[in-house]
Amino acid sequence: MSKARQGNYFEDFRLGQVITHATPRTVTAGDVALYTALYGPRFAVQSSDAFAKAIGYPAAPIDDLLVFHIVFGKTVPDISLNAVANLGYAELRFLKPVFPGDTLSSTSEVIGLKENSNKQSGVVYVRTTGRNQSGAPVLEYVRWVMVKKRDEAAEAPAPHVPSLKAAVDPSELGGALPPLTLEGYDTKLSGNAARWGDYEVGEKIDHLDAMTLEEAEHQLATRLYQNTAKVHFNLHEQAQGRFKRRLIYGGHIISLARALSFNGLENAFHVAAINAGRHVSPAFAGDTVYAWSEVLDKAEIGRDDVGALRLRLVATKDKPGASFPYKAGEQYDASVLLDLDYWALLPR
Amino acid sequence: MSKARQGNYFEDFRLGQVITHATPRTVTAGDVALYTALYGPRFAVQSSDAFAKAIGYPAAPIDDLLVFHIVFGKTVPDISLNAVANLGYAELRFLKPVFPGDTLSSTSEVIGLKENSNKQSGVVYVRTTGRNQSGAPVLEYVRWVMVKKRDEAAEAPAPHVPSLKAAVDPSELGGALPPLTLEGYDTKLSGNAARWGDYEVGEKIDHLDAMTLEEAEHQLATRLYQNTAKVHFNLHEQAQGRFKRRLIYGGHIISLARALSFNGLENAFHVAAINAGRHVSPAFAGDTVYAWSEVLDKAEIGRDDVGALRLRLVATKDKPGASFPYKAGEQYDASVLLDLDYWALLPR
Amino acid sequence: MSKARQGNYFEDFRLGQVITHATPRTVTAGDVALYTALYGPRFAVQSSDAFAKAIGYPAAPIDDLLVFHIVFGKTVPDISLNAVANLGYAELRFLKPVFPGDTLSSTSEVIGLKENSNKQSGVVYVRTTGRNQSGAPVLEYVRWVMVKKRDEAAEAPAPHVPSLKAAVDPSELGGALPPLTLEGYDTKLSGNAARWGDYEVGEKIDHLDAMTLEEAEHQLATRLYQNTAKVHFNLHEQAQGRFKRRLIYGGHIISLARALSFNGLENAFHVAAINAGRHVSPAFAGDTVYAWSEVLDKAEIGRDDVGALRLRLVATKDKPGASFPYKAGEQYDASVLLDLDYWALLPR
């Protein structure tokens, strides 16, 4: 049998199975520069060692979503190489800051399995943990994907669907944020005077800026994360498929939307948790991505330096955020690419 | 009112106003690698720590133009988000070398304002200073841009146009260059035996090489500089505009032309000052950029190790530099993209 | 005469001539990140400082092929700017590991010259050595290229063709590999349990994955290596030539195929030598590259920790590796881009 791996199929997973993913990865200043070039983030804490030190970090931390992409990328060969669809994320929490020089690795536990009625595929739920070189968890999240069966006749395990929280509890936020020295937080340098207290539930922000997607860019990004899902890279095969084009990694859209959201959320510098995320429609090269946000909730998190905003971040294609395109009833507006529900922390 | 910033309009500026720009930025070896990948510069001093140390630097300094782009990028959200045209640069001087690990920030003083007769826009002159994490100036320049008015009826301040030098005085050059140990300067490694004394006023050099511009490349570059001007990124909007395409950041052409100029100016390793710069016509993806240089002047700068060449660097599109395409009378040749007048320092 | 260099022509080379190439280059974590983004390599040793340290390296070494590209790039302005064709490589050996912070430079000795019968060109053989900042050789290889004559009437030297080994002897492998602490080699993290002993001569592996080439990507790569060959960058000129398009640097295909070969050769983490390499047909943007490998030979190399596999790595375009497309008789399959014969080391 060939040594090249075809990835796991639905019937290969077992409830409670723990998978150690390959390819540990040292994150460096080189990754940070590429991440900046790919999305143009401008949050002062991640951009400047001097700013980060002034508020209590030992150095500028790695962007939260870059940590996520690297941890996630490692899971692809084991979890989703044969995925039909990436269904959702939940209970994602950042637990410890990551700095250049840290080495990340990932493990996943299978926490749910449910065969589809057509017997051709099933849903696999995993809880993935990213750890640093000391073994300390830096990130944890649940993800569920629909995975093909190799053999329709293969017997399926008893269905088990885990119960997941609709949102991470505010008391669980902040693990990856050191105590802040607020006197060092210069809002001229961060770009906006608005702090946590200045945002209201229900407030909507059109982030105004937009970026057009390029094939070379999403390919560079996805390889940087060592994410090998074929659909992002193989035009020869994709040209014969449903979309006729390479499909862009959903995380690329999340990072782009997050970077665009700087304009209006300049001090929401830390993504503390992701409650839910949905890639509403596929994105392709040539699409221009706009973003808008809505404040869904505000919470104190048991510390004086920061407060949390629960935010809906919506990315659309070829449609400015001015009209806040979202849903008509249950139906998403045709322009919507991403609907992300997350907690950000801001200085008080 | 939305927290997202729309940028300043002409009537928002006041003479003497000092603006602290957001987003301090730590420059790293990652930025250097990306800069190399984007333009292919080959000057030995910036390429090699070993070479730089041999001549008296503590390490390879950051390319001067990379420093410029990062300092410049920070000014865009405050100065030129509503610009109609980027009119010029003057009195640009590099004042201190920048090394990986340094954090750059920018401030600008409004030094001139002049409303246009149509009342729809006006010219804003700023003197921008880039500083490192110690507050020491590393770069200073004057730039003027034509900025839209939000409200045609808004009253304009009394016109004030600053007087600017046609060229930086040679005595003001060299602040960013440590004393050189010339014995360590190996011209086999730098690529050309020609030193300062070997160039003559009036000498023209066709740099021979050329590069074709790609959308992904200029977008990566412009985001790396955290420059957010929409015209470079938003095809959806640009497709409805005058050019139907994304406009390439002018600084991208400056860096590309400078890298091409290595072939024939291998020892002109330090851009000490820019006297004037004009983006003669817009550049687009698909254009192939050629470059040629002319020695406009030579000057001693009060030190024995280096001398200065005043150079005209011309970038053209889709036209080789062999015929030195420039002007017919006052009219630029249709191929000219960039006309840059700068001082470079070379070992004697 | 213009100071810009046109490169050497056939009649400029002399047997025994030693050329010191310009542009020493410090390799950094920034280069590593870009290399990851360009090809997506996943070998644990190069990806993770923690993994590399666990087996006996002081830190993750720079990918062997990145070292090759940087050393090679420096030779282009002197050796192959006027090349008609890149004919082959032989006797390539990695001699010492390279780490971030090391500075690489290159020299070449002309070891063979043979004018073509048409007097318009000739073949130049060079042995190139890459050295680190201490002067220690890190890489050595022979390359031969067909170079144009400037003047058909120029007299040619007596023909001299060096005798080259068909393959590097196994006893010469391993110089760039420190003694390994095999207990530290975790095959869960490296991605495959198959070690040296698990591969058989004659075994073929379809690497399954594929990547579509983009103009921006190969340009970024080739500039990163400071390789200035015009055919890769100048669409304006190439559009008038034989291929009508930019030609992709052959080394880009080698690196891409090597990264694809991870799937099935996860523990073949070190390229110790290249016996022969042929760019069978040119690659262009839009081509989708697939790869497959065949084990040509196995050898012990006089140490207990690792063994060597001699591998044929074949890259094809727009044709999956499942059928192992290669040759019909002497004739290559039309899909074949690259035929590379190399030695890789794997833990025992």
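Residues numbered from 1 in each chain as written. Chains lettered and ligands numbered in written order. Predicted model: local features only at pLDDT ≥ 70, side-chain atom pairs only at ≥ 80, totals over all residues. Heavy atoms only, no water.

### Quick word on the overall build of chain A
When helices and strands are tallied, chain A shows 8 helices and 13 strands. A compact globule built from 348 residues would reach a C-alpha radius of gyration of about 20 Å, and chain A, at 20 Å, matches this within 12%. Its C-alpha atoms put chain A at 65 × 45 × 35 Å along the principal axes. Within the span of chain A, comprising 348 residues, buried residues form 64% of the whole. In chain A, once contacts between residues fewer than 6 apart in sequence are set aside, the share between residues at least 24 apart is 79%. Summed over all atoms, the accessible surface of chain A reaches about 11,600 Å², with 49% contributed by carbon and sulfur. In chain A, 37 side chains carry a positive charge and 40 a negative one; their mean positions are 6 Å apart. (Helix = DSSP H or I, 4+ residues; strand = E, 2+ residues; numbered from the N terminus. Rg over C-alpha atoms; globule rule 2.2 N^0.38 Å. Buried < 20%, exposed > 50% of the residue type's maximum accessible area, 1.4 Å probe, protein only. Contact = heavy atoms within 4.5 Å. Areas by Shrake-Rupley, 256 points an atom, 1.4 Å probe, with all protein chains shown as cover. Lys, Arg positive; Asp, Glu negative; His and termini not counted. Charge placed at Lys NZ, Arg CZ, Asp CG, Glu CD.)

### Digging into the relation of the copies chain A and chain C
Overlaying chain A on chain C yields an RMSD of 0.0 Å, the required transformation being a rotation through 120° with an accompanying axial translation of 0.0 Å. One copy is carried onto the other by what is essentially a three-fold rotation axis. Taking C-alpha positions as reference, the residue of chain A nearest the rotation axis is Gly30 of chain A, located at 2.2 Å. Mapped onto chain C, only 12% of the interface residues of chain A again fall at the interface, so the copies present different surfaces. (Least-squares fit on C-alpha atoms with pLDDT ≥ 70 in both.)

### Remarks on the interface of chain B and chain A
Between chain B and chain A, the contact holds 34 residues from the first and 47 residues from the second. Note on chain B versus chain A: buried area summed over both sides is about 3,200 Å², and carbon and sulfur give 56% of it. Summed over the three residues of chain B that lose the most area to chain A, namely Lys3, Arg223 and His236 of chain B, the buried surface amounts to 23% of that side. Linking chain B with chain A are 3 salt bridges. (Buried area = accessible area lost by both parts, 1.4 Å probe. Salt bridge = Lys/Arg side-chain N within 4 Å of Asp/Glu carboxyl O.)

### Overview of the relation of the copies chain B and chain A
For the pair chain B and chain A, the superposition axis carries a translation of 0.0 Å, the fit reaches an RMSD of 0.0 Å, and the rotation angle comes to 120°. Counting the interface residues of chain B, we find that no more than 12% of their copies in chain A are interface residues as well, pointing to two distinct contact surfaces.

### Brief notes about the pattern of salt bridges
Residue and element names in this part refer to chain A. Enumeration according to the criterion identifies 63 salt bridges over all chains in this entry. Residue Asp209 pairs with Arg42 through a salt bridge whose shortest N-O separation is 3.9 Å. Linking Asp209 in strand S7 (residues 204–212) with Arg42 in the loop between helix H1 (29–39) and helix H2 (44–47), this pair joins segments that are 167 residues apart in sequence. The same class applies to Asp209 and to Arg42, which are both buried. Connected through shared salt-bridge partners, Glu91, Arg127 and Glu140 make up one network.

### Considerations on the environment of Ser117 of chain A
Among the secondary structure elements, Ser117 of chain A is positioned in the loop between strand S4 (103–115) and strand S5 (121–131). Note: C-alpha distance between Ser117 of chain A and Trp144 of chain A (27 residues apart in sequence) is 17 Å.

### Section: the packing of helix H6 (residues 215–224) of chain A against helix H6 (residues 215–224) of chain B
At a minimum axis distance of 8 Å, the contact between H6 of chain A and H6 of chain B shows a crossing angle of 60°. One element, H6 of chain A, and the other, H6 of chain B, form an angle in the oblique class. The segment H6 of chain A lies against H6 of chain B, with Ala216, Glu217 and Leu220 of chain A engaging Glu215, Ala216, Gln219, Leu220 and Arg223 of chain B. Tallied by class, the residues present in the contact of H6 of chain A with H6 of chain B amount to 4 nonpolar, 1 polar and 3 charged. (Axes fitted to C-alpha atoms, helices over the stretch in contact; angles between N-to-C directions. Parallel < 35°, antiparallel > 145°, perpendicular 65-115°, else oblique. Nonpolar A, V, L, I, M, F, W, Y, C, P; charged D, E, K, R; others polar.)

### A word on the side chain of Glu217 of chain B
Mapping Glu217 of chain B onto the fold places it in helix H6. A distance of 2.8 Å separates the side chain of Glu217 of chain B from the side chain of Gln219 of chain C, its partner in a polar contact. Not counting residues up to four positions away in its chain, the partners in contact with Glu217 of chain B are Leu38, Thr212 and His252 of chain B together with Glu215, Ala216, Gln219, Leu220 and Arg223 of chain C. (Polar contact = N/O pair within 3.5 Å; in protein donor to acceptor, adjacent residues only side chain to side chain.)

### Section: helix H4 (residues 64–79) of chain C
Taking 1.5 Å of rise per residue, 16 residues should cover 22 Å, and H4 of chain C covers 22 Å from first to last C-alpha, within 8% of that figure. Sitting at the amino-terminal end of H4 of chain C is Asp63 of chain C, which places a side-chain oxygen 3.0 Å from the backbone nitrogen of Leu65 of chain C. (Expected span 1.5 Å × (residues − 1).)

### Things to note about the environment of Gly307 of chain C
Residue and element names in this part refer to chain C. Relative to the elements of secondary structure, Gly307 occurs in strand S10 (residues 306–317). We classify Gly307 as buried; its relative accessible area is 0%. In the structure, Gly307 is positioned 134 residues away from Leu173 in sequence and 9.7 Å away in space, judged by C-alpha atoms. Setting aside its immediate chain neighbours within four residues, Gly307 contacts Trp196, Ala299, Ala344, Leu345, Leu346 and Arg348.

### Comments concerning the interface of chain A and chain C
Listed by partner, the interface residues are 34 residues for chain A and 47 residues for chain C. Between chain A and chain C the total buried area reaches about 3,200 Å² when both faces are included, carbon and sulfur atoms providing 57% of it. Among the residues of chain A in contact with chain C, Lys3, Arg223 and His236 of chain A are the three that bury the most area, contributing 23% of the side total. Our count for the contact surface shared by chain A and chain C stands at 3 salt bridges. Between Glu217 of chain C and Arg223 of chain A there is a salt bridge; the shortest N-O distance is 3.0 Å. At the boundary of chain A with chain C, the tally comes to 23 residue pairs in polar contact (both at pLDDT 80 or more). When the residues that make up the side of chain A that touches chain C are grouped by side-chain class, the tally is 10 nonpolar, 15 polar and 9 charged.

### Digging into H1 of chain A
All names here are of chain A. H1 sits mainly inside the fold: 9 of its 11 residues count as buried. Those residues of H1 that sit buried are Gly30, Asp31, Ala33, Leu34, Tyr35, Thr36, Ala37, Leu38 and Tyr39. Measuring from the backbone nitrogen of Gly30 back to the side-chain oxygen at the start of H1 gives 3.0 Å, which picks out Thr28 as the cap. With its phi angle positive at about 70°, Gly40 sits one or two positions after the end of H1.

### Looking at the packing of aromatic side chains
The tally for this structure, following the rule as stated, stands at 51 aromatic pairs over all chains. Aromatic side chains Phe68 of chain A and Phe72 of chain A sit 5.5 Å apart centroid to centroid with 45° between the ring planes, which places their arrangement in the tilted category. With a gap of 4 residues between them, Phe68 of chain A and Phe72 of chain A both fall in helix H4 (residues 64–79), about one helical turn apart. Judged by centre distance (5.3 Å) and plane angle (70°), the rings of Phe68 of chain A and Tyr141 of chain A are edge-to-face. Of this pair, Phe68 of chain A sits in helix H4 while Tyr141 of chain A sits in strand S6 (residues 137–148); the two residues are 73 residues apart in sequence, bridging distant segments of the chain. Owing to a relative accessible area of 0%, Tyr141 of chain A belongs among the buried residues under this scheme. Feature note: the residues Phe68, Phe72, Tyr89, Tyr141, Tyr225 and Tyr249 of chain A constitute an aromatic cluster, connected by ring pairs. The ring of Trp196 of chain B carries Lys298 of chain B above its face, with NZ or CZ at 4.7 Å from the centroid. Its guanidinium or amino end placed over the ring of Phe43 of chain C, Arg258 of chain C lies 4.1 Å from that ring's centre, counting from NZ or CZ. (Phe/Tyr/Trp six-rings, centres within 6.5 Å; stacked < 30°, edge-to-face > 60°. Lys NZ or Arg CZ within 6 Å of the ring centre and 35° of its normal.)

### Observations concerning the pairing of strand S5 (residues 121–131) of chain C
Residues and elements named next belong to chain C. Of all 11 residues that make up S5, 9 are buried, and the element is covered over most of its length. Here strand S4 (residues 103–115) pairs with S5 via 10 bridges, running antiparallel. Residue Glu109 lies in a different strand from S5, and its bridge partner there is Arg127. Taken together, S4 and the strand that follows it, S5, pair antiparallel across an intervening segment of 5 residues, in which Lys119 is found at a positive phi of about 65°. Here 11 bridges tie S5 to strand S6 (residues 137–148), and the two strands are oriented antiparallel to one another. The residue of S6 that forms the bridge with Ser121 is Lys148. Between S5 and S6, which follow one another and run antiparallel, lie 5 residues, and Gly135 among them has a positive phi close to 90°. (Pairing = 2+ DSSP bridges.)

### Observations concerning the confidence of the model for chain A
Regions with low pLDDT should not have their predicted coordinates read in detail. Scored by pLDDT, chain A has a mean of 97; 100% of the residues are at 70 or more. Note on the complex model: pTM 0.98, ipTM 0.97. (pLDDT = per-residue confidence, 0-100.)

### Concerning the pairing of strand S6 (residues 137–148) of chain B
All names here are of chain B. Counting buried residues in S6 gives 9 out of 12 residues, a clear majority hidden from the surface. Pairing of strand S3 (residues 83–94) with S6, which is carried by 8 bridges, proceeds in the antiparallel orientation. Bridging across to S6, Ala90 finds its partner in Val142.

### Quick look at the side chain of Thr222 of chain B
Relative to the helices and strands, Thr222 of chain B resides in helix H6. Apart from the residues lying within four places of it in its own chain, the contact partners of Thr222 of chain B are Asn227, His232, Phe233 and Tyr249 of chain B.

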